[in-house]
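Topology and contacts: notes
Residues per chain, in single letters:
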Amino acid sequence: MLGYLTSSLSLAPPLLSFNSSSLTHSPSTSVLLRAASRRLVLATKTQSLTTMASDEENLGNLKHQLAKLFEASLKTTVPNEQDLEPLIAACTGKFGDYQCNNAMSVWPRIKGKALPFRGPQAVGQAIKTNLPPSEMIESCSVAGPGFVNVMLSSGWMAKIILKMLNDGIATWAPRLSIKRAVVDFSSPNIAKEMHVGHLRSTILGDTISRMLEFSNVVVLRRNHVGDWGTQFGMLIEFLFEKFPNIEDVNEAAIGDLQAFYKESKQRFDSDADFKERAQRAVVLLQGGEAKYRQAWAQICGISRNEFDRVYQRLGVKLEEKGESFYNPFISSTIEELADKGLVKESQGARVIFIEGINIPLIIVKSDGGYNYASTDLAALRYRLNEEKADWIIYITDVGQQQHFDMVFKAAKLAGWLPAEDGKYPKVSHVGFGVVLGDDGKRFRTRSTEVVRLVDLLDEAKTRSKAALIERGKGEEWTEKELEETAQAIGYGAVKYADLKNNRLTSYTFSFDQMLNDKGNTAVYLLYAHARICSIIRKSGKDIDELKRTGFLVLSHADERALGLHLLRFAEVVEEACTNLLPSVLCEYLYNLSENFSKFYSNCQVVGSAEETSRLLLCEATATVMRKCFDLLGIEPVYKI
C-alpha cells in the first residue's frame, strides 16, 4: 500500500515508503491463470480488429511491431506455407518480454516435407535465426518445443517512451480496421427515473465508446430510450385529468415524474373506465392526433431533462434516438423481411423462425401491434443502411442475450449481415450481470424500492467529502477545491467499482469498499496519480523542458519493468476494445500503479544522479494513468 495513503501526502521521508505488502504482493495463482488464459486467447486469434498498420502508426504497440518482424521471418523459414499469422504473446517469466508461438502450429503442416527441420524446436531456431535485424530487440532465445522468447532493448524502450511524452499519448492509440461504430447504451424508459440498474449500461457504454474513439473510430453514441408504447396512453390520460389546460404542464407542476407514473399506473389497474380511455389515447397518439402528440412530447421533455442531469454528472454524452424514432421504419422493415420469405403466420402473430431456437421471433403481435423485436430490427436496418456502421454494439443485461441473438440471426437470414461470424459489418451484444446488495439480492433501498442513481451519486460524493475533511483538507483547501475533488473521487469510485469487474458477473455494491483508499479502488489509484504529480512538483524542475532536452534510461530492473508495462498500454486498449471488456483496462491501470510503487521504493527520484530520467519516467506514468482515467470516464486529481 502506498505509504501516503494511510495519512496524508506529506513529503516527510517515512511517508515516501512504498514498501507496504499490499503494493508488493505476488499475484495469486488464479490471477496468473486468468492472465495466461487471456494471453493465449489473444495470441491465437485468427482475426483482429487491428490492421497491420505501418511501423510509424504502431510505434506504441509492441505486439504489432514484433508481429511484422516475425511475419518476415516465417516467410523466409517456410516460404511455401500460406496464411501464417504470427502468434505473439506477452511473457511473465524471466526468459523474455514477448514470445512467438508459431513453431508448434507450423510443425504439423510441414512434417514430412522436404525441409531441414526435425521437430518444432528446430523450426523455432530457424524462426529466431531468420528474424530481420531490429533495434527494438536486445536478444532472442528458444525454449521448450520452439517458443521464441524476445528480450526488448532497454535503450529502444526508453526512446519510444520519451517520444510519446513529446508527441502525445494519442500516438499510442490502437489503429482499428473499423471506421464507424454504433454503441447503443443506457436506454432508460421515459417517465421513470434512472436507477442503479441503469448504472452498468451507462458507464460500460461510455467507456467502450471512449476506447473506440481513442482508437480513431467514429462512434455514434445512441440512447435507445423507451419513449413509445402503450404506457403513454395512461400517462397522457392521467395528465389530462390533472391538467385540463395542457399549457399548464411543466416540470414544476408535475413534480416527481416517478410518482406521477405510479399514480397513473394505479388508476389504470383499478379503474376500468380510465383504462378504456387510456387505451383509446394510445390509438390517438399513434394516429398523430395533435393534442396527444403535444402531451407525449411534454412528458418526454420533462423526463429527458432528468436524464440529462444524471448524464452531466457522470460526464456521459449520448444522442437520443428512441423507440419513436424507429417507429416509422418498422412497416417497411417487416415488408422487406416478408418479401424475402422470412415472415410466417403463427397463432395470429407474424414471426420469424430461427434454426436451433425452439421459440419464434415475434415481430407483429396477434393484435397487430409492434414489439421490441419490431423496433430492434428496424433500428438495426437503419444503422446499417443509413448510418453505415461497421460494428453495432448493444449494451444491456445478460437477460436479453437470447432476444438479441434471435434479432441478429434474423438479420443474417435477411442478408443484412454476413453469414460468417467475424466479417463486417457485425453486431455484438455486451451483456452484464446485476448490481447486488449485501443480502445477495438486487440492490434496493430498505423499503425495497430501486435505488435512484442521483441518490447513489450524492451519497458517494458526501462520503468522499467527509473523508477529505477528516484528513484536514477542509482547512487547507477552498470550498471549490473540496467540492470538485470530492465529486471526482466519489463518482470515480462508483464507476471504477463497477468497471473493474468482469461485466458478465454480478457484483455487490459497497460504499465502504469502493471508497477505501487501499487496494484496487479508484480512490487508491487517484491518490497514486496525485502522489506522482507531487513528486514532480517537489523536484522544482520544468517537466516540459526535461521532455525536450532530457534523456530517459531504464538501467535499473524496476525502471525497466515499469517502462515495459507502460509500453503495453496500446495492446491492452486494443484487447479491451476487441473483447469489449473495460475490466482489462482497469487491471492494467492497477498493475501500473503497483509497478510504479515498486520502482519508487527502490529508485530514488528527487536528488539522485538519475533525477532527470526518473522524473521523465514519473511523467510517463502519470500521462498513461490520466489516459486510462479518461477512457474510464474518471476525472483525475492532482493533489490530495
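What this report covers is the structure whose coordinates are included nearby. Source: prediction; values computed, not measured.

Rules of the game
- Residues numbered from 1 in each chain as written.
- Predicted model: local features only at pLDDT ≥ 70, side-chain atom pairs only at ≥ 80, totals over all residues.
- Heavy atoms only, no water.
- Helix = DSSP H or I, 4+ residues; strand = E, 2+ residues; numbered from the N terminus.
- Buried < 20%, exposed > 50% of the residue type's maximum accessible area, 1.4 Å probe, protein only.
- Contact = heavy atoms within 4.5 Å.
- Areas by Shrake-Rupley, 256 points an atom, 1.4 Å probe, with all protein chains shown as cover.
- Pairing = 2+ DSSP bridges.
- Axes fitted to C-alpha atoms, helices over the stretch in contact; angles between N-to-C directions.
- Core = buried A, V, L, I, M, F, W, Y, C linked by side-chain atoms within 4.5 Å.
- Polar contact = N/O pair within 3.5 Å; in protein donor to acceptor, adjacent residues only side chain to side chain.
- 1 Å grid on protein atoms, 1.4 Å probe; cavity = no way out; pocket = protein on both sides within 12 Å on 5 of 7 lines; lining within 4 Å.
- Points joined across faces, edges and corners; volume = space filled by probe spheres on them.
- Nonpolar A, V, L, I, M, F, W, Y, C, P; charged D, E, K, R; others polar.
- Salt bridge = Lys/Arg side-chain N within 4 Å of Asp/Glu carboxyl O.
- Phe/Tyr/Trp six-rings, centres within 6.5 Å; stacked < 30°, edge-to-face > 60°.
- Parallel < 35°, antiparallel > 145°, perpendicular 65-115°, else oblique.

**Structural notes on the overall build of the protein chain**
Check the secondary structure of the protein chain and you find 26 helices and 14 strands. The buried share of the protein chain, taken over its 640 residues, is 53%. Of the contacts formed within the protein chain by residues at least 6 apart in sequence, a portion of 74% connects residues at least 24 apart. Put simply, the protein chain shows about 28,200 Å² of open surface, and 50% of that area lies on carbon and sulfur atoms.

**Focus on the sheet that holds strand E8 (residues 344-346)**
Pairing is antiparallel across the open sheet formed by 3 strands, whose spatial order is E8-E9-E10. Only two strands of the sheet have a single neighbouring strand rather than two, namely E8 and strand E10 (361-364). Going across the sheet, the axis of each strand differs from the next one's by a mean of 50°, ignoring polarity.

**Some words on helix H24 (residues 569-579)**
Taking burial as the measure, the 11 residues of H24 include 10 buried ones, the bulk of the element. When we look at burial in H24, the residues that qualify are Phe569, Ala570, Glu571, Val572, Val573, Glu574, Glu575, Ala576, Cys577 and Thr578. Looking one or two places after H24, you find Leu580, whose phi comes out positive at around 55°.

**Regarding the pairing of strand E9 (residues 349-352)**
Relative to E9, E8 runs antiparallel, the two sharing 3 bridges. Bridge pairing links Lys344 to Val351 in E9. Remark: 2 residues form the turn of the hairpin made by E8 and E9, two consecutive strands paired antiparallel; Gln347 in that turn has positive phi of roughly 50°. Pairing between E9 and E10: 3 bridges, direction antiparallel. Its bridge partner being in E10, Val351 is matched across the sheet by Ile362.

**Describing the nonpolar core**
Ranked by size, the top nonpolar core spans 168 residues in total, and within it Leu212, Leu456, Phe569 and Val624 carry the most contacts. The contact partners of Val624, leaving out residues within four places of it in the chain, are Met164, Ile169, Trp172, Leu566, Phe569, Tyr588 and Leu592.

**What to know about the side chain of Arg560**
Looking at where Arg560 falls in the secondary structure, it is placed in helix H23 (residues 557-567). Using a relative accessible area of 16% as the deciding quantity, one classes Arg560 as buried. Of note is the side chain of Arg560, whose polar atom sits 2.7 Å from the side chain of Asp97. Setting aside chain neighbours within four positions, we find Arg560 in contact with Asp97, Met151, Leu152, Ser154, Met157 and Leu554.

**Points about unusual backbone geometry**
Here the amide bond leading from Tyr424 into Pro425 is cis, since omega sits at 0°, within 30 degrees of zero. Its place among the elements puts Pro425 in the loop between helix H16 (401-413) and strand E12 (426-432). With a phi close to 75°, Ala191 is a non-glycine residue in the positive phi region. Note on Ala191: relative accessible area 0%, which makes it buried. A positive phi angle, close to 50°, is found at Gln347, a residue other than glycine.

**Some remarks on the sheet that holds strand E2 (residues 98-100)**
In spatial order, the strands read E1-E2-E4-E3; together these 4 strands make up an open sheet with antiparallel pairing. At either margin of the open sheet sits one strand with a lone partner, and together these are strand E1 (88-90) and strand E3 (137-143). Pairs of neighbouring strands in the sheet enclose a mean axial angle of 25°, with direction left out of account. The pairing of E2 with strand E4 (residues 147-152) spans 3 bridges and is classified as antiparallel. Bridge pairing in E4 links Tyr98 to Val150.

**Notes on the layout of surface pockets**
What the second largest pocket holds in volume is close to 1,100 Å³. Lining of the second largest pocket is provided by 41 residues; of these, Ser187, Asn189, His198, Asp397 and Gln400 occupy positions nearest its centre. For the lining of the second largest pocket, the secondary structure elements donating two or more residues are helix H7 (197-214), helix H10 (257-270), helix H15 (372-385), strand E11 (391-397) and H16. Partitioned by chemical class, the residues of the lining of the second largest pocket number 12 nonpolar, 16 polar and 13 charged.

**With respect to the pattern of salt bridges**
Between side chains of opposite charge, a pair can form when the charged atoms approach closely. Following the criterion strictly, the structure yields 48 salt bridges and no others. Between Glu420 and Lys423 there is a salt bridge whose closest N-O contact spans 3.5 Å. Exposure remark for Glu420: the relative accessible area of 51% places this residue in the exposed category. As a salt-bridge pair, Glu459 and Arg463 come within 2.8 Å of each other at their nearest N and O atoms. One end of the pair, Glu459, and the other, Arg463, are both in helix H17 (residues 453-470), 4 residues apart, so they sit about a helical turn from each other. On the basis of relative accessible area, Glu459 is assigned to the partly exposed category, the value being 32%. Within the structure, one salt-bridge network assembled from shared partners comprises Asp206, Arg210, Glu213, Arg221, Lys627 and Asp630.

**Comments concerning the packing of aromatic side chains**
Applying the stated criterion across every chain, the model contains 18 aromatic pairs. When the ring of Phe329 is compared with that of Tyr382, the centres are 5.2 Å apart and the planes differ by 45°; the resulting orientation is tilted. With Phe329 in the loop between helix H13 (323-326) and helix H14 (330-339) and Tyr382 in helix H15, this pair connects stretches of sequence that are 53 residues apart. Between Phe404 and Phe408, the ring centres sit 5.9 Å apart and the planes meet at 40°, which makes this aromatic pair tilted. Of this pair, Phe404 and Phe408 both sit in helix H16, 4 residues apart, which is roughly one turn of that helix.

**Remarks on the environment of Cys91**
Mapped onto the fold, Cys91 is located in the loop between E1 and E2. Its relative accessible area of 15% is what places Cys91 among the buried residues. Spatially, the C-alpha atom of Cys91 lies 9.0 Å from that of Val150, the residues being 59 residues apart in sequence. When residues no more than four places from it in sequence are discounted, the contact partners of Cys91 are Gly96, Asp97, Tyr98, Gln99, Asn149 and Arg568.

**A word on the packing of helix H8 (residues 231-242) against H10**
Axis separation between H8 and H10 bottoms out at 9 Å; the angle between their running directions is 100°. Taken together, the axes of H8 and H10 lie roughly perpendicular to each other. On H10, the residues that touch Gln231, Met234, Leu235, Phe238, Leu239, Glu241 and Lys242 of H8 are Phe260, Tyr261, Glu263, Ser264, Lys265, Arg267 and Phe268. For the contact of H8 with H10, the per-class residue count stands at 7 nonpolar, 2 polar and 5 charged.

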